[in-house]
Amino acid sequence: MVYLDMESDDSPKKLDRRTVLRASGLAGLAGLAGCVSTTDDGGDGSDGGGGDGGDGGSDGESTDTEGDGGGGDGGSGPYNIGMVDALTGSLSAFGERNQRGKDLALEAVNDIGIDGRELSITVEDSESESQGGVSAAQKLVNQDGVPFLIGAVGSGVSLAIYESVVQGTDVVQLSQNSTGLSLTDFPGLLRMSPTGRTQSTALANIIAEDGYDTVALTYVNNDYGQSLADAFVESYEGEVAYNSPHDQEQQSYSSVVSGMNSSGADAWLFVTYQAEFATMVNEVYSSGYEAQFYGADSVSGDNVIENTPEGSMDGMKIVVPSAPVEEENYQQFASAFEEAYGEQPTAWSAYAYDCVVTAALSIQAADEFTGAALQETVRDVTRPEGEQVTSFEAASQILADGGGPSDVDYQGVSGPIDFDENGDPVGFLQILTVQDHDYVGTGFIES
C-alpha cells in the first residue's frame, strides 16, 4: 500500500494524471471522497462505508416516470430504469447526494440521447431499511418491469434486494453506495463503490505506522460494521484490546467509551455512523478520556462537526472513498455540481452519476432493452480493453459509429470502474485528518 503524503508543506500536493491513474490498475483499493469533502450536505448521513447498514420502506416517490415502463424496446419513448435510494431514514444524507449525482448524469445523457431516445429513472425510497428496499424493488421490477435497477445505499439493503427480488432474474442490479465485504460473494450484484476491505486494511496499516501496537475497536452492530471490523482485525498485527459492537440510535454510549478507556489502548477505532459517533465523542470529552482517534468513512460529516465540542477530535484520522480529483472529467463534474447546488460533491454523488452513465451506455450497446441483453453489456462498457473515454458523449459516439460494448472503456467521474469477476470496481482512498475541528485531506493511498 502506497501513501502519497499531502502535508509536507501544509498544503495538498498536486498529483499528476499518471500518478492518480496508476491506482486504477491495482486491485483492492477502496474509493473515498477526500478533497472532495464527505460533508456536502450536512445531513445525518449515518452510513459512510458506502452506506452499509440500514434496513427500509418505500414512499412511492417517483421521478422521470414517463416512458415505456422499462419493458420492451418498441416505440420512441424514454428508456425507463429504476433506482432504490435512501430518500428518508438514517441514510438519507447519502440519498440526497445520490439524487444530485443522478440528476446531473441524467441531464448529460439526455443532452445526447440514446439512439434518439431519452433515459428516465423511476426512484423509490428504501427508507434506509431492508424491508423498505425490498418493497421498493418489487414495485420497480414486478410492476414497472425495469430491466436495470440502481440500488441501494446500505449493504444490507442491497443484499436483501438482490436475494429477494433480483436473484434468479435477468434484471441488472448496480448498487450506488454499498461497501460491505459480503457483496463480493454475490457476483451478480454489481456495485460502483469499492469494497470496504481495503478501507480496513488501510486503517490497520496507518495505526501501525503511527506507532500504536494496541487498539480499542467498536463497530455498529450490522453487516457493514461487522464486516469492516473483522477485516481490520484480520489485517492488524497488533493487539485488539477491546472489540465490541454497539447498537444504533442509543441515547448513551457511556459503557462503550468506558470500556475502550479501560482497555488501556491509546488508539481507538470507530466503525459507526455520524449520530452515534457524535454521541460517543461528547461522552469521551465530558469524561476527560484521551486517545488517538481513527475512523471509517461513515463517522465523518457535518453532523459530527456541528454536534461535538471544538478540539474534541483534533488529530483524528479517517479513511474515506475518493474520486480522482485531478482528472478533467471529475473537475467538470464538480464544477457543474457546485453551480447547481452551491457546494462540492462527495464520492457518493460521483458513484451515483456513474451508475446512470453506465446504465445508459449498456442500453445503447445492447441489442434490445431487456435484462438479458443488458447483462451482456454492462461490464464490457467499462473494460480497459476498449478506447478510454471520460464522458457519456464520447462513449456514445463510439457506439453510434458502429463500435460494440468492448470498444468502450468508460472512465467515470468516480474513477476507472472495470468491474471484476465479483462485480467489484477499482477505486481510491484518501486520508482525512481533523484539524481545527474540520476535515483536511492529508494523503492519498494506493493499494
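The following refers to the structure shown.

What counts as what
- As a convention, each chain's residues are numbered from 1 in the sequence order in which they are written.
- Confidence filtering applies because this is a predicted model: local features only for residues at pLDDT of at least 70, side-chain atom pairs given and counted only at 80 or more, and all residues used for totals across whole chains, interfaces and linings.
- Only hydrogens and water are set aside; all other atoms, that is, all heavy atoms of the structure, feed into the side-chain values.
- Each pair of strands is called paired provided DSSP finds at least two bridges between the two strands.
- The helix count covers DSSP runs of H or I at least four residues long, the strand count covers runs of E at least two residues long, and both are numbered beginning at the N terminus.
- Comment: axis = line fitted to C-alpha atoms, over the contacting stretch for helices; angle = value between 0 and 180 degrees taken between N-to-C directions.
- In this analysis, two residues are considered to be in contact whenever any of their non-hydrogen atoms come within 4.5 Å of each other.
- Only rings of Phe, Tyr and Trp enter the pairing, Trp through its six-membered ring, and a pair is recorded when the two centres are within 6.5 Å. The plane angle decides the type: under 30 degrees is stacked, over 60 is edge-to-face, the rest tilted.
- In this analysis the charged atom, NZ for Lys or CZ for Arg, is taken to sit over a ring once it is within 6 Å of the ring centre and within 35 degrees of the ring normal.
- Orientation is classified from the angle alone, with under 35 degrees giving roughly parallel, over 145 giving roughly antiparallel, 65 to 115 giving roughly perpendicular, and any other angle giving oblique.
- Note: crossing handedness is left-handed where the near helix turns anticlockwise from the far helix by less than a right angle, and right-handed where it turns clockwise.
- Lys, Arg, Asp and Glu make up the charged group, whereas Ala, Val, Leu, Ile, Met, Phe, Trp, Tyr, Cys and Pro make up the nonpolar group; the residues left over, Gly among them, are polar.
- Patch membership requires over 30% relative accessible area and the absence of a salt bridge. Like charges are linked within 9 Å, and nonpolar side chains (Val, Leu, Ile, Met, Phe, Trp, Tyr) within 5 Å.
- Here the open area of atoms and residues is found with the Shrake-Rupley method and a 1.4 Å probe, where only the protein chains shown may cover a residue.
- Salt bridges are identified by distance alone: a Lys or Arg side-chain nitrogen within 4 Å of an Asp or Glu carboxyl oxygen.
- For the purpose of counting charges, residues Lys and Arg are taken to be positive, whereas Asp and Glu are taken to be negative. His and the chain ends are not included.
- To locate a charge, take NZ of a lysine, CZ of an arginine, CG of an aspartate or CD of a glutamate.

We now examine the sheet that holds strand 4 (residues 148-150). In space, the five strands of this open sheet follow the order 3-2-4-5-6, with parallel pairing throughout. Since the sheet does not close on itself, it has two edges, and those belong to strand 3 (119-125) and strand 6 (189-191), each with one partner. With strand direction ignored, the average angle separating the axes of adjacent strands in the sheet is 25°. As judged from the three bridges shared by strand 5 (residues 172-175) and strand 6, these two strands associate in the parallel manner. When the bridges of strand 6 are listed, Ser-175 appears paired with Arg-191. Packing against the sheet, helix 4 (residues 155-166) makes contact with strand 2 (79-85), strand 4, strand 5 and strand 6, and its axis sits at approximately 175° to strand 5.

Let us now look at the packing of aromatic side chains. Scanning the model with the defined rule gives 16 aromatic pairs in all. When the ring of Trp-348 is compared with that of Tyr-351, the centres are 5.4 Å apart and the planes differ by 65°; the resulting orientation is edge-to-face. Of the two residues, Trp-348 and Tyr-351 both sit in helix 11 (residues 347-365), three residues apart, roughly one turn of that helix. Site record: aromatic cluster; members linked through ring pairs are Trp-268, Phe-270, Phe-277, Tyr-289 and Phe-293. Against the face of Tyr-79 rests Arg-117, its NZ or CZ located 3.8 Å from the ring centre.

A separate point is the packing of helix 2 (residues 92-112) against helix 11. Between helix 2 and helix 11, the least distance of the axes is 7 Å, while the angle of their chain directions is 40°. On the basis of their axis angle, the class for helix 2 and helix 11 is oblique. The two elements helix 2 and helix 11 meet at a crossing, and its hand is right-handed. In this structure, helix 2 contributes Phe-94, Arg-97, Asn-98, Gly-101, Lys-102, Leu-104, Ala-105, Leu-106, Ala-108 and Val-109 to the contact, and helix 11 contributes Trp-348, Ser-349, Ala-352, Tyr-353, Val-356, Val-357 and Ala-360. Tallied by class, residues from the contact of helix 2 with helix 11 come to twelve nonpolar, three polar and two charged.

Another point: a negative patch on the surface. A surface patch of like charges, here negative, comprises Glu-310, Asp-314, Asp-436 and Asp-438. In this structure, Asp-314 sits in the loop between helix 9 (302-306) and strand 11 (317-322).

Where helix 2 meets helix 10 (residues 328-341), the closest approach of the two axes is 11 Å, and the angle between their N-to-C directions is 110°. Considering the angle they form, helix 2 stands roughly perpendicular to helix 10. The handedness of the crossing between helix 2 and helix 10 comes out as right-handed. Facing helix 2, whose interface residues are Arg-100, Gly-101, Asp-103 and Leu-104, helix 10 presents Phe-333, Ala-336, Phe-337, Ala-340 and Tyr-341. The residue makeup of the contact of helix 2 with helix 10, split by class, is six nonpolar, one polar and two charged.

Turning to unusual backbone geometry, a few remarks are in order. A cis amide bond, omega 15°, links Gly-151 with the succeeding residue Ala-152. For Ala-152, the location among the structural elements is in the loop between strand 4 and helix 4. A positive phi angle is found at Glu-127, which is not glycine, with a value near 55°. Looking at the element boundaries, Glu-127 is found in the loop between strand 3 and helix 3 (130-143).

With that settled, the discussion passes to the sheet that holds strand 13 (residues 408-412). Spatially, 12-13-14 is the arrangement adopted by the three strands of the open sheet, whose pairing is mixed. Bordering the open sheet on either side are strand 12 (387-389) and strand 14 (415-416), each of which pairs with just one other strand. Inspection of the sheet shows strand 12 paired to strand 13 by three bridges, in the parallel sense. Across the sheet, residue Gln-388 finds its bridge partner in strand 13, namely Asp-409.

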